[in-house]
Amino acid sequence: MAKAAILAGASGLTGRELARLLSESEAYAAVHSLVRRPSADAAKLPKVVEHVVNFDELPALPACDDVYVALGTTIKVAGSQEAFRRVDHDYVVAVARAGRAASAARLAIVSALGADATSRVFYNRVKGEMQAAVTALGYESVIIVQPSLLVGDREALGQPTRGGEVWARRLLGPVASLIPAGFRPVAAHDVALALVRATLAAAPGTTIIPSRDLHG
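If you're wondering where the values come from, they're calculated on a predicted model, not measured in any experiment. (Residues numbered from 1 in each chain as written. Predicted model: local features only at pLDDT ≥ 70, side-chain atom pairs only at ≥ 80, totals over all residues. Heavy atoms only, no water.)

**Regarding the nonpolar core**
The biggest cluster of nonpolar side chains holds 30 residues, and the ones touching the most others in it are L7, L18, L22, Y68, V145, L195 and L214. A per-element tally of this core places helix α6 (residues 188-200) first, with seven residues. If we ignore the near neighbours within four places in the chain, the residues touching L18 are L7, Y68, A70, A192, L195 and V196. Grouped together as the second largest cluster of nonpolar side chains are 27 residues, L34, V87, V134 and I144 included. (Core = buried A, V, L, I, M, F, W, Y, C linked by side-chain atoms within 4.5 Å. Buried < 20%, exposed > 50% of the residue type's maximum accessible area, 1.4 Å probe, protein only. Helix = DSSP H or I, 4+ residues; strand = E, 2+ residues; numbered from the N terminus. Contact = heavy atoms within 4.5 Å.)

Following this line, the structure appears as structure tokens:
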């Protein structure tokens, strides 16, 4: 029987790819996309139903089987460490908790390379604390991908280009093969594809997929 999925973060690089893949997948009959404002993309994806929400006060979510969360920002874009944590930790955990309340059994999360709750690096620590929080929510399966720098077209999303990603694109040439796979920039599409495949095939427990295993 086809399933229903919740998706948070469809306006971002990986989230946009997830929306397309989930809409195209025969495994899903419906994809409920949580957004802060309506987008034009949803109309192009027949299975996707947008729900405009306030992530600070999420409503009860539609019944679902799987939850995909690709929410994320940077400290520079967010404006402060506190604002960054609100998105990359609090909102992610809130969606995961609401999805569990809506009967979801599988949770799929886009995290980041270096995520570590004990790290002295603020960014890595927040990602690690988020991972610890979502794995404690009682899901049957939790799948977490930890990509390195993402590669994709942010301009098509109306988003400012991130300096690190400009550097990453320059590496995707003749020298890319010289960079260890675990640190090599990875295409957002490859991240999304790996996450969907792993979720649909997930065994009980927590599965963490490192960046080196995300390259298509």
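**With respect to the packing of aromatic side chains**
Taken as a whole and judged by the stated rule, the model has four aromatic pairs. Look at F55 and Y91: their rings are 5.6 Å apart centre to centre, the planes differ by 25°, and that puts the pair in the stacked class. In this pair, F55 sits in the loop between β3 (48-52) and β4 (66-69) while Y91 sits in helix α3 (residues 81-101), placing the two residues 36 residues apart along the sequence. We classify Y91 as buried; its relative accessible area is 12%. (Phe/Tyr/Trp six-rings, centres within 6.5 Å; stacked < 30°, edge-to-face > 60°.)

**Section: the sheet that holds strand β1 (residues 3-8)**
The strand order β3-β2-β1-β4-β5-β6-β9 describes an open sheet built from seven strands, whose pairing is parallel. Of all the strands in the sheet, just β3 and β9 (205-210) have a single pairing partner and so form its edges. Across this sheet, the average inter-strand angle for adjacent strands is 15°, counted without regard to direction. Pairing of β1 with strand β2 (residues 28-35) involves six bridges; the strand directions are parallel. Bridging across to β2, A5 finds its partner in V31. The strands that helix α1 (residues 13-24) touches are β1, β2, β3, β4 and β5 (106-110); relative to β1, the one it contacts most, it runs at about 165°. Taken strand by strand, α3 contacts β1, β2, β4 and β5, and its axis lies near 170° from that of β4. (Pairing = 2+ DSSP bridges. Axes fitted to C-alpha atoms, helices over the stretch in contact; angles between N-to-C directions.)

**What to know about α1**
Given a rise of 1.5 Å per residue, 12 residues ought to cover 16 Å, and the 17 Å separating the end C-alpha atoms of α1 matches this to within 8%. The buried fraction of α1 is high, at 10 of 12 residues. Within the sequence span of α1, burial applies to L13, T14, G15, R16, E17, L18, A19, L21, L22 and S23. (Expected span 1.5 Å × (residues − 1).)

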